[in-house]
Each structure stands twice: as C-alpha cells, then as structure tokens.
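As a plain string of letters, each chain reads:
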Amino acid sequence: MSDDARFRKGFLLALVVAITATLVFVIRDFLMTIFVAAIFSGLAHPLYWRLQKAFGGRQALASAVTLLTVVLLVGGPLVFVLSIVTSEAVRMTDSVTPFVRQLIDEPTSINSYLAQIPGIQRPAPCREMLLTRAGEAAGSLGKIVVSSLTCTTRGTLALIVDFFMMLYAMFFFLINGRRYLDSMMHYLPLRESEQNQMLQRFVSVTRATLKGTLLIGVVQGTLGGMILAILAVPGAVLLGLLMIVLSLLPVIGGALVWAPVAIVFAIQGAWIKALVLAGFCSIVIGTIDNLLRPRLVGHDTEMSELLVLFSTLGGIAAFGAIGFIVGPIIAALFITIWEIFGKAYPDDLDVEPSPQIQLPPG
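It should be emphasised that the depicted structure is a prediction, and the values quoted were computed from it without experimental measurement.

K.L.:
Would you mind going over the overall build of the chain in detail, with residue names and values included?
P.N.:
Counting its secondary structure elements, the chain contains 12 helices and zero strands. Every one of the 362 residues in the chain was classed for burial, and the buried ones make up 28%. Restricting to contacts in the chain with at least 6 residues of sequence separation, those with at least 24 account for 66%. A total of about 23600 Å² of accessible surface is found on the chain, and carbon and sulfur atoms cover 71% of it.

See below:
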C-alpha cells in the first residue's frame, strides 16, 4: 500500500470516528430512549409482521396499529395502576398529615413515640441532642416535601416526552429496523455465525429478563399486598404495588418494603404482627424469588445468579429503571464476546490451552 493510500485510509478512519463521536454527543440525551425503542420494537416485531401480512404489505399502517396495540396493552393497565396509587397516596397523606403537623408544631411530642422503642433509655446522655435533631428534621419536612413534588413534576414531564419520542422511534424501527440492523452488522468484522450468536443472546436475554422480572414482581407484590392487608397495614395496595416495582432488584427488592413495616410493628409493640410479616415475606416471598428467578432469568439467559444480580443492580445504578434490562444485556454480550474470542483466538494463533493449575495442599 502506497503512502498516499495509507494516508487517505487513516484520514477517512479519523473522519468517521470524529463525526460519529459528534453525532453521539448531539443525541446523547436520547440515546437511552432510542435503545429502549429498539428493544421494544424487536419484541413487537412478530405482531408487526402478522399485521403487515393482514394489511397486504402496507408497512406504515401495520406499524401504526402495532404501536396502538402496544399503547393499549401497556397504557391501559398502567393508567389503572396509577389511579389506584393516586387514591392510596391521597388516603395515606390524609392519615399521616395530623402526625406530621404535630411533629412540626410540637417537636417534643416525639418523646411519646421514642419511649416505645426498646432500649431507648440507654443513650440518655445524648437524649437532648437526639430530640433537637429530630425536631429540626421535622421542621424541615415541609421543604423536603415541596422539593420532592417539584422533582417529581419535572420527572413526569420528562418521562412523557421520552415516551412519545420512543413511540416515534419505534414507528420507524418496526418498518426499517431489520435494514438498520443488517447495515450495522455489515461493518462489524465478525463472521455471520458470530453475528447470529450475539443477536440470539441479545434477544433471549431481553425476553427472559422482561418475562421473568414482570412475573416475579406480580407474584411477590400480590402476596405481599395480601399479607399487609391481612395485618391491617394502611395503604396495603400501594405498598404491594411498590413491591412489584422494587422486585426489579433481585433478593433485596421486596425486603425494602416489608422490612420497615415489620420494624414499625416491633416499635409499636405488635411483636406477633412483626414476626408474622417477617416470617411470611422472608420464607414465602423469598422462596418464590429464589425458585423462579434462576429458572425464568438465569436459565434462559445462561448466566449465573450472581452475574444476574450484580448486572441488574449495576444497570439500575448506571441507567436508571431501564437498567434492569440493559444491565443483563451488557453482561450477556460480555459473556458472548468472550466465547467468540475464546473460539477464534486458539484457531487463528494456534495457541494450546494452558495446563490445569495445581493448587498446593492446604
């Protein structure tokens, strides 16, 4: 290759990288929306394909009807759940408001509640400081509530905008998604079998994560809401729905709801309710998580439970709520690319596998 050709190739590669990085920087705020739209387009593509055949190959009409179906199937239950959450939240707010007002107007009234905690007499030297801090916290509660409502409103508006942007992207992904995917794969220096392996792992992990997580969440939330209602916990329906959402977190999700309730029961002296709630949730609900999640998520994704746990937690920490899908997908692609590398490296370089390491006797 001549110097001129080498220079042209290097310049073109640098130009491609620079323009690609610039485009990614421009649309960085919508990258996750585009990614989510691509995931759901892949999941809805079988329905789109059937509708396209039924409509005589009219792609735009099939895509629009597919999106309408998705919105009705997802939006209908979501509106119903939000109405329940709103009514429960209003009812709980009405019941908690007198207690909060009492703490704000009379910070020292917390003494009667603290006296019910076993062993509260032990930190007697620090009692005054604790009461002062508790009063200050109660006095600043109003500011925290206003700030939370403001952030919630902004987050809701952003969520609505992202939702419609996702639907707009899905409309085109359903029509031209396969062509986009083939174009991307064309520029990857991988064999066709390796490309298919990555795509199959991507699809299987996405479906297994959604199916397993939603089913586990519904079962855990339903059982949790039932036991909370039996124990006469205020807002049992709202707490049950919260358990469904928090079940995205493996192992610890449901405990974030029932454990504080059990602690409150113990503080109030209702030890039987506390033990019943803790025992039922840790044994029954915990067993459901331990039994179903490995079979529905770990088995289908061919990943260990430990990797599923850390990839889910890390995905949520890095990408927000959608991270419960993104995290396992990245972990699955990590495993797949190492499998491809492990097969290609010895074949290409004729490297013999290293002998098994012998550990010294303990």
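K.L.:
Outline the packing of helix α8 (residues 236–246) against helix α9 (residues 255–267), supporting the account with residue identities and numerical values.
P.N.:
Two packed helices can be described by the angle between their axes and the distance between those axes. The contact between α8 and α9 brings their axes to 8 Å, and the two run at 140 degrees. Judged on the interaxial angle alone, α9 and α8 are oblique. Here α8 contributes Leu239, Leu242, Met243 and Leu246 to the contact with α9, which in turn contributes Leu256, Val257, Trp258 and Val261. Residues belonging to the contact of α8 with α9 are distributed by class as follows: eight nonpolar, no polar and no charged.

K.L.:
So what about the side chain of Gln195? Which residues, and what values?
P.N.:
Tracing the backbone through its elements, the reader meets Gln195 in helix α7 (residues 192–230). With residues near it in sequence (within four places) discarded, Gln195 still touches Met185, Leu188 and Leu190.

K.L.:
Which residues make up the pattern of salt bridges, and what values go with them?
P.N.:
According to the stated counting rule, one finds two salt bridges in the structure shown. With a shortest N-O distance of 3.4 Å, Asp182 and Arg178 are connected by a salt bridge. Of this pair, Asp182 and Arg178 both sit in helix α6 (residues 141–186), four residues apart, which is roughly one turn of that helix. Residue Arg178 is classed as exposed on the basis of its relative accessible area of 52%. Between Arg201 and Glu339 there is a salt bridge whose closest N-O contact spans 3.7 Å. Residue Arg201 is found in helix α7, and its partner Glu339 is found in helix α12 (residues 323–349); the two are separated by 138 residues along the sequence. Taking the relative accessible area as the measure of exposure, Arg201 reaches 8% and is therefore buried.

K.L.:
An account of the nonpolar core is requested, with residue identities and associated values reported.
P.N.:
One finds Ala37, Met166 and Ile325 to be the most contacted residues of the largest nonpolar core, which totals 26 residues. Of all the elements in the fold, those that place two or more residues in this core are α2 (31–54), α3 (59–105), α6, α7 and α12. If we skip the residues at most four places from it in the chain, Met166 touches Thr33, Val36, Ala37 and Phe40. Membership of the second largest hydrophobic core comes to 17 residues, among which are Val233, Leu239, Val257 and Ala266.

K.L.:
For the environment of Ile252, give the residues involved together with the corresponding values.
P.N.:
Mapped onto the secondary structure, Ile252 falls in the loop between α8 and α9. Overall, Ile252 belongs to the partly exposed group, its relative accessible area being 41%. For Ile252 and Asp289, which are 37 residues apart along the polypeptide, the C-alpha to C-alpha distance reads 9.8 Å.

K.L.:
Break down a nonpolar patch on the surface for me, with residues and values.
P.N.:
A contiguous nonpolar surface patch, about 620 Å² in accessible area, is contributed by Phe7, Phe11, Leu12, Leu15, Val16 and Ile19. Within the element layout of this structure, Val16 appears in helix α1 (residues 3–26). Residue classification places Val16 among the partly exposed residues on the basis of a relative accessible area of 45%.

K.L.:
Tell me what's going on with the environment of Val36, and back it up with residues and numbers.
P.N.:
For Val36, the location among the structural elements is in helix α2. Overall, the relative accessible area of 10% leaves Val36 in the buried class. Other than its neighbours up to four places away in sequence, Val36 contacts Met166 and Ile322.

K.L.:
Outline α1, listing residues and values.
P.N.:
Counting along an α-helix, one turn takes 3.6 residues, and residues three or four places apart therefore face a common direction. Relative to the 34 Å expected for 24 residues at 1.5 Å per residue, α1 spans 34 Å between its end C-alpha atoms, a close match to the ideal helical length. Counting buried residues in α1 gives zero out of 24 residues, a small share hidden from the surface.

K.L.:
A description of α7 should follow, citing residues and the corresponding values.
P.N.:
Between its first and last C-alpha, α7 extends 57 Å over 39 residues, near the 57 Å set by a 1.5 Å rise per residue. Phi turns positive, to about 60 degrees, at Ala232, one or two residues after α7.

K.L.:
Would you mind going over the packing of aromatic side chains in detail, with residue names and values included?
P.N.:
Scanning the entire structure with this criterion turns up seven aromatic pairs. Seen in terms of ring centroids, Tyr168 and Phe172 are 5.2 Å apart; in terms of plane orientation they differ by 75 degrees. Their pairing is edge-to-face. Here Phe172 and Tyr168 lie together in helix α6, a separation of four residues that amounts to about one turn. The exposure class of Tyr168 is exposed, given its relative accessible area of 54%. Ring plane angle 65 degrees and centroid distance 6.3 Å describe the contact between Phe334 and Trp338, whose orientation is recorded as edge-to-face.

Here is what the cut-offs are and how they apply
- In this convention, every chain numbers its residues from 1, walking through the sequence in written order.
- pLDDT decides what is reported in this predicted model: residues at 70 or higher carry local features, side-chain atom pairs at 80 or more are listed and counted, and totals for whole chains, interfaces and linings draw on all residues regardless.
- Here the side-chain values reflect all heavy atoms present in the structure, with hydrogen atoms and water set aside.
- Comment: elements are numbered from the N terminus, with helices defined as DSSP H or I runs of at least four residues and strands as E runs of at least two.
- For the exposure calls, accessible area comes from a 1.4 Å probe over protein chains only, and a residue counts as buried if that area is under 20% of its type's maximum, exposed if over 50%, partly exposed in between.
- Contacts are assigned to residue pairs that have any heavy atoms within 4.5 Å of one another.
- Here the open area of atoms and residues is found with the Shrake-Rupley method and a 1.4 Å probe, where only the protein chains shown may cover a residue.
- Note on definitions: angles span 0 to 180 degrees between N-to-C directions of axes, and those axes are lines fitted to C-alpha atoms, for helices only across the stretch in contact.
- Relative orientations are named as follows: roughly parallel for angles under 35 degrees, roughly antiparallel for angles over 145 degrees, roughly perpendicular for angles from 65 to 115 degrees, and oblique for any other angle.
- Residue type decides the class: Asp, Glu, Lys and Arg count as charged, Ala, Val, Leu, Ile, Met, Phe, Trp, Tyr, Cys and Pro as nonpolar, and the leftover types, Gly among them, as polar.
- When a carboxyl oxygen of Asp or Glu lies within 4 Å of a side-chain nitrogen of Lys or Arg, that pair is called a salt bridge.
- The nonpolar core is taken to be a set of buried Ala, Val, Leu, Ile, Met, Phe, Trp, Tyr and Cys residues, with the residues joined through side-chain atoms within 4.5 Å.
- Candidates for patches are residues over 30% relative accessible area with no salt bridge; among them, like charges are joined within 9 Å and nonpolar side chains (Val, Leu, Ile, Met, Phe, Trp, Tyr) within 5 Å.
- What a helix is expected to span follows from its residue count: subtract one and scale by 1.5 Å.
- Put simply, two rings from Phe, Tyr or Trp (the six-membered ring, in Trp's case) pair if the centres are within 6.5 Å, and we call them stacked under 30 degrees between planes, edge-to-face over 60, tilted for the rest.

What is shown is where atoms sit, not what they do.
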